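Residue-level structure breakdown
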Amino acid sequence: MEAGLIAQSANGDTLIAANTVHTVDEDTSTPGGQETLNLILNRLDEDQAIDVVPIELVGKSDVADAMVIASGRSQRHVGAMADKIARDLKDAGVKEVSIEGLPACDWVLLDAGDVVVHLFRPEVRDFYNLERIWAPELFDEKAAGEFEPKTDAFELKAQDED
């Protein structure tokens, strides 16, 4: 059976689409990337995660097929979301889920194999800004250009004179 990386939230909105097709082995009880991504996005939607951003990693990294970045309102909210995602993944048959960052809950990383989830408190997320690193296409060129350092001394001098 073939399944593309097209995720839908609980209300049916399409959140991410990819041209890459993944083969899912029907003989195993382990969900493929598509099912794992949908499960995670639905859980984050139910838990009222803030600014959920799914990012396709196919062609960018061999670590996973997709990454999900989301924020929680507090450390307790981030920890609760991470715990619920881990339980849902275990119940769905994902055999190994690695979790890092639970004691502090400022930034919790869940590695579910095909999908990596980053859960942040908003201040920590703003500081690390993973979306700019992994999905610069989500930002328009003008906004991306504002963050590029100017290295040409003549350009800097001309700006100072104006």
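Residues numbered from 1 in each chain as written. Predicted model: local features only at pLDDT ≥ 70, side-chain atom pairs only at ≥ 80, totals over all residues. Heavy atoms only, no water.

1. A look at the overall build of the protein chain
- In terms of regular secondary structure, the protein chain is built from 6 helices and 9 strands.
- Counting across all 162 residues of the protein chain, residues that qualify as buried make up 38%.
- Of all intrachain contacts in the protein chain linking residues separated by at least 6 positions in sequence, the fraction that spans at least 24 positions is 56%.
- Approximately 10,000 Å² of the protein chain is accessible, and the part contributed by carbon and sulfur atoms is 49%. (Helix = DSSP H or I, 4+ residues; strand = E, 2+ residues; numbered from the N terminus. Buried < 20%, exposed > 50% of the residue type's maximum accessible area, 1.4 Å probe, protein only. Contact = heavy atoms within 4.5 Å. Areas by Shrake-Rupley, 256 points an atom, 1.4 Å probe, with all protein chains shown as cover.)

2. Some remarks on the nonpolar core
- Counting residues in hydrophobic clusters, the biggest one holds 22 residues, and the most contacted among them are Ile-40, Leu-44, Val-68, Ile-85, Leu-110, Val-117 and Leu-119.
- When contributions to this core are tallied by element, the ones reaching two or more residues are helix H1 (33-46), strand E6 (66-71), helix H2 (75-92), strand E8 (107-111) and strand E9 (115-120).
- No other element matches the 6 residues that H2 contributes to this core.
- Setting aside chain neighbours within four positions, we find Ile-40 in contact with Val-68, Ile-85, Leu-89, Val-115 and Val-117.
- Among the nonpolar cores identified, the runner-up in size contains 11 residues, and Val-53, Ile-69, Val-124 and Ala-135 belong to it. (Core = buried A, V, L, I, M, F, W, Y, C linked by side-chain atoms within 4.5 Å.)

3. Re the confidence of the model for the protein chain
- Taken over all residues, the pLDDT of the protein chain has a mean of 77, while the share at 70 or more is 67%.
- Here residues 1-28 is a poorly scored stretch, pLDDT under 50, and it has 61 contacts once near neighbours within four places are set aside; other chains count.
- Note that residues 147-158 has pLDDT below 50 and, in this model, 4 contacts with residues that lie over four places away or in other chains. (pLDDT = per-residue confidence, 0-100.)

4. Considering the pattern of salt bridges
- Following the criterion strictly, the structure yields 9 salt bridges and no others.
- Asp-83 is the partner of Arg-87 in a salt bridge, and the nearest nitrogen-oxygen pair spans 3.0 Å. With a gap of 4 residues between them, Arg-87 and Asp-83 both fall in helix H2, about one helical turn apart.
- In this structure, Glu-123 and Arg-121 form a salt bridge, with 2.3 Å as the shortest nitrogen-oxygen distance.
- For Arg-121, a relative accessible area of 21% corresponds to the partly exposed category.
- The network of salt bridges with common partners includes Arg-43, Glu-46, Asp-47, Lys-84 and Asp-88. (Salt bridge = Lys/Arg side-chain N within 4 Å of Asp/Glu carboxyl O.)

5. Structural notes on the sheet that holds E6
- The strand order across the open sheet formed by 5 strands is E5-E6-E9-E8-E7, and the pairing between neighbours is mixed. Of all strands in the sheet, those bounded by a partner on one side alone are strand E5 (50-56) and strand E7 (98-100). Across the sheet, the axes of successive neighbouring strands diverge by a mean angle of 10 degrees, strand direction being ignored.
- Here E5 runs beside E6; their pairing, made up of 5 bridges, is antiparallel. Counted as the bridge partner of Glu-56 is Ala-66 from E6. (Pairing = 2+ DSSP bridges. Axes fitted to C-alpha atoms, helices over the stretch in contact; angles between N-to-C directions.)

6. Comments concerning the packing of aromatic side chains
- This structure, assessed with the given rule, holds 3 aromatic pairs.
- The interplanar angle of 35 degrees and the centroid separation of 4.8 Å between the aromatic rings of Trp-107 and Phe-120 together place this pair among those described as tilted. Placement of the pair is Trp-107 in strand E8 and Phe-120 in strand E9, with a sequence separation of 13 residues.
- For Phe-120, a relative accessible area of 1% corresponds to the buried category.
- When the ring of Phe-127 is compared with that of Tyr-128, the centres are 5.0 Å apart and the planes differ by 90 degrees; the resulting orientation is edge-to-face.
- On the basis of relative accessibility, which here comes to 64%, the residue Phe-127 falls in the exposed class.
- Residue class for Tyr-128 comes out partly exposed when judged on its relative accessible area of 40%. (Phe/Tyr/Trp six-rings, centres within 6.5 Å; stacked < 30°, edge-to-face > 60°.)

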